[in-house]
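Listed below are the residues making up each chain.
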Amino acid sequence: MSRSSKAKEEFDAAPWQGKTRKYDIIKEGTVALLVVAILTVALSLLLGSPDDTPLTFKGWATTNSDNFYATAVSELAGTSGTATYGPPYNSAADGLNVGPLWLQKWAGVSRPIDTVNDFVIAPLSTQVMSVEIASALATWKAAAQTEQNTWATNYDSAIAKVEGKLSAVPAGNYGPVPALAQGLTDMAKAGGLDAALLSQGGFFQTDNTKQILFFGDGSYLDDAGTAANLQGGTWGMMNETGRYPGQAWLWLYSFWYQIPPFNNEESKPIGANADAYIMVLMGALSLGLILIPLIPGVKTLPMRIPIHRGIWRQYYEENGIKRRKY
Amino acid sequence: MSTPTHEMWTARLRSSWQRNLPIEKLLPDDQPAYVASWIYVFGVATIAALGVIIASGIVLAFQGPAWYHTSDIGNFTNSIHFWSVQMFFAFMVIHLWGKFWMAAWRGNRVRTWITGAVAFVVSIATAFTGYLVQTNFDSQWISFEAKDGFNSVGVGAWFTVTNLGQMLLLHVAFLPLILGVLTLVHVLMVRRRGVVPPIDAVPANLEVRK
């Protein structure tokens, strides 16, 4: 720090010797609390708050049965979003990177999810099942993994080929996969899958990861997000359901998703790894905000742009202080 | 040989506290006359909103995260929580901009700015976890979407936004504790250093110690 800036620091830190006025800090705090409390009560009475009912697997399997069924098959075939995600759920992919930093991969598989067993076989096994489902499960469990893969992949590809129109899927070597998918669809329709996915055969459970990820593998959650204008590409991060304000303070985070190259998944390396780049960028910007007093050029902006003349207008007028050039 | 009193940790803390933050500074009855703009209101307004957030949050915590879906009083309490959060951020952002244009870090006040800015970042994290524990469609959507950001930089390996239990504990215990401590330290620093003087203040108004 130069001698002049050190002197300036000492000057700004010195005790105030000028004019003062009475100040009741306790009264100020009490009045502020009362005003804010009254305002929040008034807004709450007038406008309420958002609370859209959560989606359920029952709702998904009932309103879009084919999509649920096809998603169940993709979980068995290992082609769903979750099955191909990579860390922290599995090793199917490396995940995103920022240049040479493969943070997602390096953090490892800390929340392992096996879509075949966690999403389909285990929930089905918790139910009182029909002879057909019991037989399908027994066949699946007795088969070698390569055979299971062949059945599931054959069926998954066949469904994809007819664009999800199940009635158009030709006969093929699918093993027990159609029966398992139908069993899971029936279970979801009956309302049994939500709890079975959460509990995984246990009692206490507070981790909804498996439910949320399974939801995201189909189109039901995505369609609902689009309908509520919550998609990231349309500023959804700072939106809220209904006509309520959302997390408006995330505007800058949301902003990056609206512009190239971040909003173009085909653009390498940034667009294809947008989540990681934006996270790092926002981390750096947050650090910049915290360290503003130490950043040359930024820390002197308030002196060069005279907004302070308005804040302390009365003081400047009383003391006849003209604006100084910085 | 026993430690001399003035070298004891407790005695050192006491004398440091008395020297830096005497009761007259902590609970002042006057302040510089230049503190006259409306912009000064937003610091205390932010703390007031935080008070309403904590009070309504405590009621919600006693009843559990799903209570407000089925109870009118619960819904009303949740609304108070929701709107006080909205106000908290509005006030805090105005306060932050105001302090930026005052260059409020001048005069050994850098740490005051830093604690305030860190409190802003921690507030975002606290509010975010609040959105995740709403146990409604919004929290389903946000948790599914947000996981990708955290997973992409490895943070998701430990900070699991889809884990309701983890998010609930962070939201009602850990993060409010951090935010509360930061707010307290920030306010004590403001009281210790006083409100930053105007840019280009008259030299006679500030007594530099020789």
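Each residue is numbered by its place in its chain's sequence as written, counting from 1. All chains are assigned letters beginning at A, and all ligands numbers beginning at 1, according to the order in which they are written. Confidence filtering applies because this is a predicted model: local features only for residues at pLDDT of at least 70, side-chain atom pairs given and counted only at 80 or more, and all residues used for totals across whole chains, interfaces and linings. To obtain the side-chain values, all non-hydrogen atoms of the structure were included, while hydrogens and water were left out.

1. Topic: the overall build of chain B
Going by this rule: Counting from the N terminus, the helices are the DSSP runs of H or I reaching at least four residues and the strands are the DSSP runs of E reaching at least two. Only C-alpha atoms enter the radius of gyration, while the globule expectation follows 2.2 Å times N to the 0.38, with N the number of residues. The cut-offs for exposure are 20% and 50% of the maximum accessible area for each residue type, with area from a 1.4 Å probe on protein chains only; residues under the lower value are buried, those over the upper are exposed, and the others partly exposed.
When its secondary structure is counted, chain B shows eight helices and one strand. Written out in order from the N terminus, the α and β elements of chain B read α-α-β-α-α-α-α-α-α. A globule of 210 residues ought to have a C-alpha radius of gyration of about 17 Å, yet chain B, at 21 Å, is considerably larger. On the principal axes, the C-alpha backbone points of chain B span a range of 65 × 55 × 40 Å. Counting the 210 residues in chain B, one finds 56% classified as buried.

2. Topic: the domain arrangement of chain B
Residue and element names in this part refer to chain B. Operational definition: Domain delimitation in this document rests on an assignment produced automatically or drawn from a domain database. In what follows, a contact means two residues having at least one pair of non-hydrogen atoms within 4.5 Å. Throughout, the accessible surface (probe 1.4 Å) given up by two parts as they are put together, summed over both, is called the buried area. Note on definitions: salt bridges are taken to be side-chain nitrogens of Lys or Arg within 4 Å of carboxyl oxygens of Asp or Glu. Polar contacts here mean pairs of N or O atoms no more than 3.5 Å apart (in protein, one a potential hydrogen donor and the other a potential acceptor; neighbouring residues in sequence count only if both atoms are side-chain atoms). Gly falls in the polar group here, along with every residue not listed as nonpolar (Ala, Val, Leu, Ile, Met, Phe, Trp, Tyr, Cys, Pro) or charged (Asp, Glu, Lys, Arg).
Domain parsing of chain B yields domain 1 (37–102) and domain 2 (113–194). Counting residues at the interface gives 17 residues for domain 1 and 16 residues for domain 2. Of the roughly 1,200 Å² buried between domain 1 and domain 2, counting both surfaces, carbon and sulfur atoms make up 75%. For the domain 1 face of the interface with domain 2, the top three residues by lost area are P65, F89 and L96, together amounting to 33%. At the junction of domain 1 with domain 2, the criterion picks out zero salt bridges. For the interface between domain 1 and domain 2, the tally reads six residue pairs in polar contact (both at pLDDT 80 or more). Sorting the residues of the side of domain 1 that touches domain 2 by element identifies α3 (41–63), α4 (67–70) and α5 (72–101) as the ones contributing at least two each. Top element by residues in the side of domain 1 that touches domain 2 is α5. It accounts for eleven residues. Across the side of domain 1 that touches domain 2, the residue classes break down as twelve nonpolar, four polar and one charged.

3. Thoughts on a negative patch on the surface
So the rule is basically this: The patches described consist of residues with a relative accessible area above 30% and no salt bridge, like charges being joined within 9 Å and nonpolar side chains (Val, Leu, Ile, Met, Phe, Trp, Tyr) within 5 Å. All accessibility values rest on the Shrake-Rupley procedure with a 1.4 Å probe; residue burial counts only the protein chains present in the view. Charged residues are defined narrowly, with Lys and Arg counted positive, Asp and Glu counted negative, and His plus the chain ends left uncounted. Where a charge lies is defined by one atom per residue type, namely NZ (Lys), CZ (Arg), CG (Asp) and CD (Glu).
A cluster of acidic residues, D24(A), E28(A), E24(B), D29(B) and D30(B), forms a negative patch at the surface. Its location among the elements puts D30(B) in strand β1 (residues 30–32).

4. Quick word on the domain arrangement of chain A
Reports of interface size often rely on the accessible area that becomes lost once the parts have come together. The domains assigned to chain A are domain 1 (57–226), domain 2 (239–290) and domain 3 (293–326). For domain 1 of chain A and domain 3 of chain A, the distance between their C-alpha centres works out to 61 Å.

5. Looking at the packing of helix α6 (residues 115–125) of chain A against helix α7 (residues 131–142) of chain A
Residue and element names in this part refer to chain A. Short version of the rule: Only the stretch in contact is used when a helix axis is fitted, and all axes are lines through C-alpha atoms; the angle between N-to-C directions ranges over 0 to 180 degrees. Orientation is classified from the angle alone, with under 35 degrees giving roughly parallel, over 145 giving roughly antiparallel, 65 to 115 giving roughly perpendicular, and any other angle giving oblique. Here a crossing is called left-handed whenever its near helix is offset anticlockwise from the far helix by less than a right angle, and right-handed whenever the offset is clockwise.
It is at 10 Å that the axes of α6 and α7 come closest, and there the two elements cross at 135 degrees. On the basis of the axis angle, α6 is oblique to α7. The crossing of α6 and α7 is left-handed. For the pair α6 and α7, contact is made by V116, I121, L124 and S125 and by I133, L137, W140 and K141, respectively. Residue composition of the contact of α6 with α7, grouped by class: six nonpolar, one polar and one charged.

6. Details of the interface of chain A and chain B
Taken residue by residue, the interface counts 99 residues in chain A and 97 residues in chain B. Buried area between chain A and chain B, both sides added, is near 8,800 Å², and the carbon and sulfur share of it is 67%. The tally of links from chain A across to chain B stands at two salt bridges. Residue D200(B) is joined to R324(A) by a salt bridge in which the shortest nitrogen-to-oxygen separation is 3.7 Å. Where chain A packs against chain B, one counts 39 residue pairs in polar contact (both at pLDDT 80 or more). The element best represented in the side of chain A that touches chain B is helix α2 (residues 25–47) of chain A, accounting for 15 residues. Class assignment of the residues belonging to the side of chain A that touches chain B gives a composition of 59 nonpolar, 24 polar and 16 charged.

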